[in-house]
Amino acid sequence: EPSTGPLAPFLAQFVSAEVSATLSRTAALRVLVRLADALIRSPQKAVEHYVHQLMPALLTCTVHKRLCASPLDDHWAVRDAASRV
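All values reported here derive from a predicted model rather than from experimental measurement. (Residues numbered from 1 in each chain as written. Predicted model: local features only at pLDDT ≥ 70, side-chain atom pairs only at ≥ 80, totals over all residues. Heavy atoms only, no water.)

## Brief notes about the overall build of the protein chain
1) Next: When helices and strands are counted, the protein chain shows four helices and zero strands.
2) Next: In the protein chain, the succession of α and β elements from N to C terminus is α-α-α-α.
3) Next: Here the C-alpha radius of gyration of the protein chain, 13 Å, is about what a compact globule of 85 residues would show, namely 12 Å.
4) Next: Overall, the protein chain is about 40 × 20 × 20 Å in size when its C-alpha atoms are taken along their principal axes.
5) Next: Across the 85 residues of the protein chain, 31% fall into the buried class.
6) Next: Considering only contacts within the protein chain whose residues lie at least 6 apart along the sequence, 57% involve residues at least 24 apart.
7) Next: Just so you have it, the protein chain exposes about 5,500 Å², and 62% of that area is on carbon and sulfur atoms.
8) Next: Put simply, the protein chain has 9 plus and 7 minus side-chain charges, and the middle of one group is 6 Å from the middle of the other. (Helix = DSSP H or I, 4+ residues; strand = E, 2+ residues; numbered from the N terminus. Rg over C-alpha atoms; globule rule 2.2 N^0.38 Å. Buried < 20%, exposed > 50% of the residue type's maximum accessible area, 1.4 Å probe, protein only. Contact = heavy atoms within 4.5 Å. Areas by Shrake-Rupley, 256 points an atom, 1.4 Å probe, with all protein chains shown as cover. Lys, Arg positive; Asp, Glu negative; His and termini not counted. Charge placed at Lys NZ, Arg CZ, Asp CG, Glu CD.)

Below you can see the structure in the form of structure tokens.
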């Protein structure tokens, strides 16, 4: 949606900050990865201005040693989704 274009830098900053704050909550990480995916896939052409904020967050979700507090959480779904973005 075109009206969310001015919010994109703030959303990218939010994703970047929240990923590091919520590394043990896979549900929150799943939502943040989906938000990053939506930002990257948006039809606006200014993605290159804030992709430098999203890449470290997505790479953290992909390769971080421990993404969940419980071994029963499906951290592989988060890793897979982040790697696909």
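## As for the packing of helix α3 (residues 51-63) against helix α4 (residues 75-84)
1) Next: At their nearest, the axes of α3 and α4 sit 7 Å apart, and the two run at 140 degrees to each other. You can see that α3 and α4 cross each other, and the crossing is left-handed. Between α3 and α4, the contacting residues are Leu58, Cys61, Thr62 and Val63 on the first element and Val78, Arg79, Ala82 and Ser83 on the second.
2) Next: Of the residues that constitute the contact of α3 with α4, the class distribution is five nonpolar, two polar and one charged. (Axes fitted to C-alpha atoms, helices over the stretch in contact; angles between N-to-C directions. Left-handed = near helix turned anticlockwise from the far one by under 90°. Nonpolar A, V, L, I, M, F, W, Y, C, P; charged D, E, K, R; others polar.)

Purely geometric stuff here, so don't read any function into it on its own.
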